[in-house]
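Read off the chains here:
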Amino acid sequence: MQEMSSENNPSASHAIVEALIKLLEQGDEADRCYAARALGAINAKDSASNLQASLLDEDVDVCIDSVEALGKLGANAVLLGLSEKNSEGEAYEKLAVTDIVAALNEVASFHPDDDAKLAAAEALAKMGDAESISILLKMLNEPDSEDSYNGEWNAHWDIQRLAIISLGQHRVLDAVPLLQQLVISGEQQDIEQELLRALAQIGGEGGSVVIDLLRNGQPRLRRRAARALGDCVEK
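**Topic: the nonpolar core**
In this structure, Val67, Met139 and Leu179 are the most contacted members of the largest nonpolar core, which totals 67 residues. The element contributing the most residues to this core is helix α6 (residues 114-127), with 9 residues. Contacts of Met139, omitting those with residues within four sequence positions, involve Ala108, Ala121, Leu124, His156, Ile159 and Ala163.

**Here we look at the packing of aromatic side chains**
As enumerated under the stated definition, the model contains 0 aromatic pairs in all. One cation-aromatic arrangement involves Arg37 over Tyr34; the distance from NZ or CZ to the ring centre is 5.0 Å.

**Section: the environment of Leu214**
On the secondary structure map, Leu214 appears in helix α11 (residues 205-216). The class for Leu214 is partly exposed, based on a relative accessible area of 33%. Residues Leu214 and Arg224, spaced 10 residues apart in sequence, show a C-alpha to C-alpha distance of 8.2 Å. Once residues lying within four places of it in the same chain are set aside, the contact partners of Leu214 are Arg222, Ala225, Ala226 and Leu229.

**Observations concerning the packing of α6 against helix α8 (residues 155-169)**
Two elements in contact, α6 and α8, have axes separated by 9 Å at closest approach and are oriented at 5 degrees. Regarding the angle of α6 to α8, the classification is roughly parallel. Two secondary-structure elements touch here, α6 through Asp114, Lys117, Leu118, Ala121, Glu122 and Ala125 and α8 through Ala155, Asp158, Ile159, Leu162 and Ser166. For the contact of α6 with α8, a count of residues per class yields 6 nonpolar, 1 polar and 4 charged.

**Observations concerning the pattern of salt bridges**
Oppositely charged side chains can pair when the atoms bearing their charge come close. The tally for this structure, following the rule as stated, stands at 7 salt bridges. When the shortest N-O distance is used, the salt bridge between Arg224 and Glu192 registers 2.8 Å. Of the two residues, Arg224 sits in helix α12 (residues 219-234) while Glu192 sits in helix α10 (residues 192-202), which places them 32 residues apart along the sequence. Its salt-bridge partner being Arg197, residue Asp231 comes within 2.8 Å of it at the nearest N-O pair. Of this pair, Asp231 sits in helix α12 while Arg197 sits in helix α10, and the two are 34 residues apart along the sequence. We classify Asp231 as buried; its relative accessible area is 15%. Members of the salt-bridge network, linked through shared partners, are Glu192, Arg220 and Arg224.

So, how was this worked out
- Residues numbered from 1 in each chain as written.
- Predicted model: local features only at pLDDT ≥ 70, side-chain atom pairs only at ≥ 80, totals over all residues.
- Heavy atoms only, no water.
- Core = buried A, V, L, I, M, F, W, Y, C linked by side-chain atoms within 4.5 Å.
- Buried < 20%, exposed > 50% of the residue type's maximum accessible area, 1.4 Å probe, protein only.
- Helix = DSSP H or I, 4+ residues; strand = E, 2+ residues; numbered from the N terminus.
- Contact = heavy atoms within 4.5 Å.
- Phe/Tyr/Trp six-rings, centres within 6.5 Å; stacked < 30°, edge-to-face > 60°.
- Lys NZ or Arg CZ within 6 Å of the ring centre and 35° of its normal.
- Axes fitted to C-alpha atoms, helices over the stretch in contact; angles between N-to-C directions.
- Parallel < 35°, antiparallel > 145°, perpendicular 65-115°, else oblique.
- Nonpolar A, V, L, I, M, F, W, Y, C, P; charged D, E, K, R; others polar.
- Salt bridge = Lys/Arg side-chain N within 4 Å of Asp/Glu carboxyl O.

Shown next as structure tokens:
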């Protein structure tokens, strides 16, 4: 069965998107959540501004669903921008991504709810465009704050972990010095395996760091370096 998107049967799709946007703006909390999810699922690019407005919704679940929908729109736009042959169309997609990235960064940085922050960071981590990568590098280097600690869980740890995994998957060479510094500091043992795996995935200078630790590191680091290299070979 063919998946539905806003590009299939334009007239019908336009009516569906309009109906979903109306529900997003006027429905109750459950309506708004389902509408946001549906708009992301059908890649309704025309709904980007409406979803951005819903990031300010008083119901945090609506905000999170809108974040995830925007992340899908942004990721699809990045893919289209990379394969688009028409320069005018490509410029349009990049402009749309810029707006989406800025909105997601605002949530990840300043939203009062930790789950909303984490959802926005995860959406940025999946996009892989230059602006999102730049934000992830800042997240990686951002100092912890007391506001992110609620007694048992620290949202900053999870956001930092997401950034590390994404930077490795996207093989961001500029991340190597920061990742290496976090490993050497010894203060990030809970995410040390993710740090080493990211360095191994990046390869080049990153791979050299892991190999050096394999040869000369402390026993814990040697074991984890070997595992990181093995994980990369297996994949």
